Every structure is written in C-alpha cells, then in structure tokens.
Amino acid sequence: MKCGIVGLPNIGKSTLFNLLSNSNKALSENFPFCTIEPNYGITNVPDKRLYELKKIINPMKVIPYKIKIVDIAGLIKGSHKGDGLGNKFLSHIRETNVIIHMIRFFDDASVLHMEGSINPIRDKEILDLELQLKDFETIEKILKRNKNINNKSSMLLKKIISFLEKGKNIRMFPFKKNEKEYIKDLHLLTVKPVIYVCNVKNENEKENHSSMIKKIGEKEKSKTIVLSLKKESKKNYFINTESGINKLIKEAYKLLNLKTFFTIGKEEICGWAIPNNYTAYQASSIIHTDFKKGFLFAEVVHYKDFIQHESLEKAKKEGKMFLSGKNSILQDGDIIHFRFKK
Ligand code: GDP
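The rules behind the values
- Residues numbered from 1 in each chain as written.
- Predicted model: local features only at pLDDT ≥ 70, side-chain atom pairs only at ≥ 80, totals over all residues.
- Heavy atoms only, no water.
- Core = buried A, V, L, I, M, F, W, Y, C linked by side-chain atoms within 4.5 Å.
- Buried < 20%, exposed > 50% of the residue type's maximum accessible area, 1.4 Å probe, protein only.
- Salt bridge = Lys/Arg side-chain N within 4 Å of Asp/Glu carboxyl O.
- Helix = DSSP H or I, 4+ residues; strand = E, 2+ residues; numbered from the N terminus.
- Expected span 1.5 Å × (residues − 1).
- Pairing = 2+ DSSP bridges.
- Axes fitted to C-alpha atoms, helices over the stretch in contact; angles between N-to-C directions.
- Contact = heavy atoms within 4.5 Å.
- Parallel < 35°, antiparallel > 145°, perpendicular 65-115°, else oblique.
- Nonpolar A, V, L, I, M, F, W, Y, C, P; charged D, E, K, R; others polar.
- pLDDT = per-residue confidence, 0-100.
- Near = heavy atom within 4 Å.
- Polar contact = N/O pair within 3.5 Å; in protein donor to acceptor, adjacent residues only side chain to side chain.
- Areas by Shrake-Rupley, 256 points an atom, 1.4 Å probe, with all protein chains shown as cover.

1. Observations concerning the nonpolar core
(1) Moving on: Residues Cys3, Ile5, Leu16, Ile67, Leu75, Ile93 and Ile245 are the most contacted members of the largest nonpolar core, which totals 48 residues.
(2) Moving on: One finds Leu157, Phe163, Phe173 and Phe175 within the second-largest nonpolar core, a separate group that totals 16 residues.

Given below as structure tokens:
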C-alpha cells in the first residue's frame, strides 16, 4: 500500500517526503528536476492507542505501523507527452493507492515557480489536466487495441472519455458497483483517491486563503489539508498528534482502507495494518509465515476492554476475551494473541 506525492516542481514535495520518512534520499534543492527516480520511504502512522497501551504495559519497544510513501518528482505542463521526463513520472503514479497532491501557496522569491507566479487553482488544474490527458490516452489505447471489447465496457469507457473531456477527474464518475471492479484493473490515475495539501507560508494565514482552499477539494469531496512545511519541520510531529503532518498521515491511512490490530508483550507492543476485510488467519501471516502455517485460533480482546481491565488475564476473567477462528474478520483495535502449532 503506497501513497504518492505529486505536484509541480518547487512546491515542497521532497521537503514533505523527507519529513514523513526522515530520509535524506530526496535532494531538496532549488531546481526543477533534481529528483528523477521516485524516492521510496516509509512513515509511522501516529496512533494514540499505542501510547495508552505503552502506559499500561511499559514494554521495551513500541513499534507503530507504517505506510509507504513515494516522492514523484517533476510533473510539469506537457508531462503526458513526455515533457520533463513526465511519462516516466506518470507511470510511477500507477503504482500508488492514494495520491497526495501538493499545491504551493507560499510566496518566496528565492524559490523559483515554474509558471512564474503563485496561483494555486491554476497549478492544481495544470496537474489535473496532465493526469486526465494520460487517462484519456490510456483509455483510447484500450479501445483501439481491443476491438472486440464487449459492448458494455466500451460504452462505459466512451462515457468516461466524455467525462474527462469536461475536465473532470474520474474519481467523480458515478460508477455502478460492477463497473468499479472493471475500472480497477485499468490502472487509471484520476480514479485514485486524493488528498490535497496546501503548503502555505504561515498557518495563521489560512483565513486569507480560505476561499481558494475551500475550492480545491470541494467539487470532488476530497479532503484538503493546510500546512506550512517550513514550520512543520520544526515540530516534533510524532508527539503533536494535531500537527498538519499527522492529520495528513491519518487521512492517507483512512483512504487506504486499512484497519489496525495490536500485539502486546513485555518486550514490544506493535501496531499492524491490514486490509479491512482480513480475517485473523490472514492477519497472522503478516507477522510470520509460521503463524499462518500452524494457525489454530486467535485470542482477541478489544482495545477498550483491555484499557478498562489493564491486562489480558483480567479481561478474560470478565468475559471480554473471545476466540477467533480461521474465518472471523478482525475489528479495528483488536488486541490479538495468535495460537499456532509449532
Ligand atoms: P519539490 O521540487 O516540490 O520537491 O520541492 P522541494 O521540497 O525540493 O522544495 C524546493 C525549495 O522550496 C527548497 O529550497 C525548499 O526549502 C523550499 N520550500 C519548501 N517548502 C517551503 C515552504 O513551505 N516555504 C518556503 N519559503 N520554502 C519552502
């Protein structure tokens, strides 16, 4: 599961990537094509529950769950045709599950803007258009290549093409349920869920930009997060759960459609992220393949019951522990102890 950061050059993508992944792989320099290969990193997902568990258990280590982040640099006007190595960048977006679309609001004469001025709505539209043109091209290719494509699919694709022609992102298309499944396999770009991130000079200036910021994600009902990267970098964002960066990570996590379970012990407590429909059996494999091979059952106590009783034993005595077999779906916040044949 990956989130890709996209946007025009010199808007703070690498800065955000470095903040998220604490990695210096992406060079944060003041020229447009400094990062050519996408940079991969991982970021911890802040979760207050881990800290509450820590207070009770006092383990040696706390290991939060993580999501992957990709810094996709260098998209510019004309990228869909290959300008600025754009085609290559666009193909990296295909691999992501959630798009973090950054938009520059900050004004700084020392940081060149490709379009020569600060205009967030224009910039958003430039990037949207590049992605839409790429989707347009992908669908045309499918229609041309597969002359025998069934009527229903070809009708749907033609409808999507006219939708794109109106300048709309495919995520707004009124899909029927079975159509969504079909579309998933086409690896289109503007169908992916998006979070818009407005990089402002000063968060207190939010008010000045508010009408523009409101417009950014409004039509698509997509989340818009306002932050000031220059200021964020000075915050200890992992402790400050209300920081813009934390809000962004949490929102990305939500869009990835994952849920969390915990394993606890004196040595470590861990958060694990799994797809929403995972069973205890499937979840066991992400910890260790042996767990899956010898899976017997899982002992489960819900987070709230654990916090109330402060130990698995006490929760069990109070009837708050239940056994999960191979096919039971886990709930978000379950604390799990897997039992398996050795
Ligand atoms: P990218 O091309 O979008 O990846 O942008 P970078 O993260 O490399 O940033 C380009 C330049 O803008 C760097 O010199 C950054 O230090 C600077 N920059 C990034 N975010 C901010 C910001 O919020 N305010 C100001 N003034 N400069 C920023």
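2. Some thoughts on the pattern of salt bridges
(1) Moving on: As enumerated under the stated definition, the model contains 14 salt bridges in all.
(2) Moving on: Two residues, Lys134 and Glu137, come together in a salt bridge whose shortest N-O distance is 3.1 Å. With a gap of three residues between them, Lys134 and Glu137 both fall in helix H4 (residues 120–145), about one helical turn apart.
(3) Moving on: Residue classification places Lys134 among the buried residues on the basis of a relative accessible area of 8%.
(4) Moving on: Linked by salt bridges that have partners in common, Lys124, Asp128, Arg171 and Glu220 make up one network.

3. Here we look at helix H9 (residues 244–255)
Every α-helix winds through 3.6 residues per turn, so residues three or four apart in the chain are directed the same way.
(1) Moving on: Relative to the 16 Å expected for twelve residues at 1.5 Å per residue, H9 spans 17 Å between its end C-alpha atoms, a close match to the ideal helical length.
(2) Moving on: Considered for burial, the residues of H9 that qualify are Gly244, Ile245, Asn246, Leu248, Ile249, Glu251, Ala252 and Tyr253.
(3) Moving on: Just past H9, the residue Asn257 takes up positive phi, approximately 60°.

4. Structural notes on the sheet that holds strand S3 (residues 61–63)
(1) Moving on: Reading across from one edge, S3-S9-S8-S12-S10-S11 is the order of the six strands in this open sheet, with mixed pairing throughout. Here the strands that pair on one side only, and so sit at the sheet edges, are S3 and strand S11 (321–324). Between one strand and the next, the sheet's axes are offset by a mean angle of 30°, whatever the strand orientation.
(2) Moving on: As paired strands, strand S10 (residues 295–302) and S11 are joined by four bridges and run antiparallel to one another. By the bridge assignment, Ala298 is partnered in S11 with Ser324.
(3) Moving on: Against the sheet, helix H2 (residues 48–57) engages S3, strand S8 (258–263), strand S9 (268–275) and strand S12 (334–340), with an angle of about 150° to S9.
(4) Moving on: Sitting on the sheet, helix H10 (residues 280–287) touches S8, S9, S10, S11 and S12, and the angle it makes with S9 is about 125°.

5. Let's talk about the environment of Met102
(1) Moving on: Along the polypeptide, Met102 turns up in strand S5 (residues 98–104).
(2) Moving on: A residue is classified by how much of its surface remains accessible, and Met102, at 2% relative accessible area, is buried.
(3) Moving on: On a C-alpha basis, the gap between Met102 and Ile11 in space is 7.2 Å, while along the polypeptide they are 91 residues apart.
(4) Moving on: In contact with Met102, other than residues within four places in its own chain, are Ile5, Val6, Gly7, Ile11, Gly12, Lys13, Leu16, Val197, Asn199 and Leu229.

6. Considerations on the packing of helix H5 (residues 151–165) against helix H6 (residues 177–184)
Helix packing for two helices is described by the angle between their axes and how far apart those axes are.
(1) Moving on: At a minimum axis distance of 12 Å, the contact between H5 and H6 shows a crossing angle of 80°. On the basis of the axis angle, H5 is roughly perpendicular to H6. Where H5 abuts H6, its residues Ser153, Leu156, Leu157 and Ile160 lie against Glu179, Tyr182 and Ile183.
(2) Moving on: When its residues are assigned to classes, the contact of H5 with H6 shows five nonpolar, one polar and one charged.

7. Examining the confidence of the model for the chain
(1) Moving on: A residue-level look at the chain finds 89% of positions with pLDDT of 70 or above and a mean pLDDT of 85.
(2) Moving on: Scored below 50 in pLDDT, residues 23–36 shows 38 contacts in the model against residues more than four places distant or in partner chains.

8. Section: the environment of Ile274
(1) Moving on: Within the secondary structure layout, Ile274 lies in strand S9.
(2) Moving on: For Ile274, a relative accessible area of 1% puts it in the buried group.
(3) Moving on: Each C-alpha atom of the pair Ile274 and Leu256 lies 9.8 Å from the other, and the pair is 18 residues apart in sequence.
(4) Moving on: Discounting chain neighbours no more than four positions away, the residues touching Ile274 are Leu258, Lys259, Phe261, Ala283, Ile286 and Leu330.

9. Quick word on the site of the ligand
(1) Moving on: Within the structure, the ligand sits among 16 residues, and Asn10, Lys13, Ser14, Thr15 and Asp108 are positioned closest to it.
(2) Moving on: Ile11 is positioned such that a nitrogen or oxygen atom in its backbone is 3.0 Å from an oxygen atom of the ligand.
(3) Moving on: Within the side chain of Thr15, an N or O atom sits 2.5 Å from an oxygen atom of the ligand.
(4) Moving on: Notes on the ligand: free accessible area 570 Å², of which the protein chains cover 89%.
(5) Moving on: Counting residues per element, the ones that place at least two in the shell around the ligand are helix H1 (13–21) and helix H8 (229–232).
(6) Moving on: With three residues, the single largest contributor to the shell around the ligand is H1.
(7) Moving on: Its residues placed into classes, the shell around the ligand shows six nonpolar, six polar and four charged.

10. A few points about the side chain of Glu179
(1) Moving on: When you line up the elements, Glu179 lands in helix H6.
(2) Moving on: Leave out the neighbours within four places in its chain, and Glu179 touches Leu156 and Pro174.

11. Quick word on the environment of Pro59
(1) Moving on: On the secondary structure map, Pro59 appears in the loop between H2 and S3.
(2) Moving on: Pro59 sits in the buried class, given a relative accessible area of 9%.
(3) Moving on: Between the C-alpha atoms of Pro59 and Glu267, which are 208 residues apart in sequence, the distance is 5.2 Å.
(4) Moving on: Leave out the neighbours within four places in its chain, and Pro59 touches Lys54, Gly265, Lys266, Glu267, Glu268 and Ile269.

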